[in-house]
Amino acid sequence: LFFLSTIINVNYNKYLNEFFKLKNIDIYGLKIEDKKKVLNEIIVLKYKNIFLVNNIKISNILNKFEKFESYKIQKIFPNKLKIYINETKYIARTVRNGKEFIVGQNKKFINIKNFNYDLDLPIIFGEFPIDSFIALQKNLREINLDQIKINEYYYFKSGRWDLKFQNK
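All values derive from a computational prediction rather than experimental measurement.

Looking only at helices and strands, one finds 4 helices and 9 strands in the protein. For the protein, the α and β elements follow one another from N to C terminus as α-β-α-α-β-β-β-β-β-β-α-β-β. In terms of C-alpha radius of gyration, the protein reaches 24 Å, well past the compact-globule figure of 15 Å for 168 residues. Referenced to the eigenvectors of the C-alpha coordinate spread, the extents of the protein come out at roughly 90 × 30 × 30 Å.

In structure tokens, the structure reads:
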């Protein structure tokens, strides 16, 4: 009896481990190129027990990407993971330490090398705190100023912002 129950338990454990292995990872809301980049990073979780894959591990991987505004992780039992990702809105370009960046609505500087397409965005001059620029954007929206007509932003160490419009 002991011998038979042990064999059955081992086989049952193997079956359960195989049944709950993460086999499918679906990503929604991204272009094919970005989807491939995310899948290459998150592939380390594939074939692990879905109960042992926690959202913190997945979040740590997704937070590496500057382009993401938000994401939602959904486990579909027994073996599927769905990730819904929203890309951030790009609001300006700037130069920091000799490198060009895009400023995202998510308060991150995104390296322009990550883009394969040209974005027509206003340029920010000066070493500015990103929270200050986001607050400026919010204030401009509240007073209904058409931000599309702004070509350049200038930030001064005193905290002052100057705006250069299309009509100069």
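Structure's up, so let's keep going.
Further remarks concern the side chain of Gln137. Locating Gln137 in the fold gives a position in helix H4 (residues 130–142). The contact partners of Gln137, leaving out residues within four places of it in the chain, are Ile91, Gln147 and Tyr153.

Moving on, we get to the side chain of Ser59. With respect to the helices and strands, Ser59 occurs in helix H3 (residues 55–62). Discounting chain neighbours no more than four positions away, the residues touching Ser59 are Tyr71 and Ile73.

What follows deals with the sheet that holds strand E5 (residues 99–104). Taken in spatial order, the 6 strands make up an open sheet running E6-E5-E4-E7-E8-E9, and their pairing is mixed. Both outer strands of the open sheet, strand E6 (109–111) and strand E9 (161–165), are each paired with one neighbouring strand and no more. Strand-to-strand twist of the sheet, defined as the mean angle between neighbouring strand axes without regard to direction, takes the value 30°. Against the sheet, H4 engages strand E4 (90–96), E5, E6, strand E7 (123–125), strand E8 (150–155) and E9, with an angle of about 135° to E8.

This paragraph deals with the sheet that holds strand E3 (residues 80–87). Spatial ordering of the open sheet is given by E1-E3-E2, a layout of 3 strands whose pairing is mixed. Across the chains shown, the open sheet's two edge strands, defined by having one partner strand only, are strand E1 (24–28) and strand E2 (68–76). Mean inter-strand twist for the sheet, computed between neighbouring axes without regard to direction, equals 15°. Pairing geometry for E2 and E3, over 8 bridges, is antiparallel. From the neighbouring strand, Tyr71 faces E3, where its bridge partner is Ile85.

All right, on to unusual backbone geometry then. Excluding glycine, most residues fall at negative phi; most peptide bonds, likewise, are trans. With omega at 20°, the peptide bond leading from Phe77 into Pro78 counts as cis. You can see Pro78 is positioned in the loop between E2 and E3. Its identity as a non-glycine residue notwithstanding, Asn97 has a phi of 50°, on the positive side. With respect to the secondary-structure elements, Asn97 resides in the loop between E4 and E5. Not every positive phi belongs to a glycine, and Lys107 is a case in point at roughly 65°.

Next up on the list: helix H2 (residues 32–42). Buried residues of H2: Asp34, Val38 and Ile42, and no others. What you see down the axis of H2 is that its buried residues fit within an arc of 65°, all on one side. The exposed set on the far side of H2, more than 90 degrees from its buried face, consists of Ile32, Lys36 and Asn40. Tucked inside the fold, the buried residues of H2 contact E1, H3, E2 and E3.

Here 5 bridges tie E1 to E3, and the two strands are oriented parallel to one another. Looking at E3, one finds that Tyr28 is bridged to Tyr84. Remark: 3 residues form the turn of the hairpin made by E2 and E3, two consecutive strands paired antiparallel.

Moving on: the packing of aromatic side chains. When we look at a pair of aromatic rings, we describe it by the centre distance and by the angle of the planes. Applying the stated rule across the entire model yields 14 aromatic pairs. Here the aromatic rings of Phe51 and Phe77 are separated by 5.1 Å at their centres, their planes lie at 20°, and the arrangement is stacked. Here Phe77 lies in the loop between E2 and E3 and Phe51 lies in the loop between H2 and H3, a separation of 26 residues in the sequence. Under the relative-accessibility criterion, Phe77 is labelled partly exposed at 45%. Arranged with centres 6.3 Å apart and planes meeting at 90°, the rings of Tyr153 and Trp161 form a pair that is edge-to-face. A relative accessible area of 1% means that Tyr153 is categorised as buried. A relative accessible area of 15% places Trp161 in the buried class. Put simply, the rings of Phe101, Phe109, Phe128, Phe133, Tyr153, Tyr155 and Trp161 touch in pairs and so form one group of aromatic residues. Looking at Arg96, its charged tip hangs above the ring of Phe128, at a distance of 4.9 Å from the centre. The positively charged end of Arg160 is found above the aromatic ring belonging to Phe156, 4.2 Å away from the centroid.

Conventions and cut-offs
- Residues numbered from 1 in each chain as written.
- Predicted model: local features only at pLDDT ≥ 70, side-chain atom pairs only at ≥ 80, totals over all residues.
- Heavy atoms only, no water.
- Helix = DSSP H or I, 4+ residues; strand = E, 2+ residues; numbered from the N terminus.
- Rg over C-alpha atoms; globule rule 2.2 N^0.38 Å.
- Contact = heavy atoms within 4.5 Å.
- Pairing = 2+ DSSP bridges.
- Axes fitted to C-alpha atoms, helices over the stretch in contact; angles between N-to-C directions.
- Buried < 20%, exposed > 50% of the residue type's maximum accessible area, 1.4 Å probe, protein only.
- Arc of directions from axis to C-beta.
- Phe/Tyr/Trp six-rings, centres within 6.5 Å; stacked < 30°, edge-to-face > 60°.
- Lys NZ or Arg CZ within 6 Å of the ring centre and 35° of its normal.

Interpretation in functional terms is not warranted from these geometric data alone.
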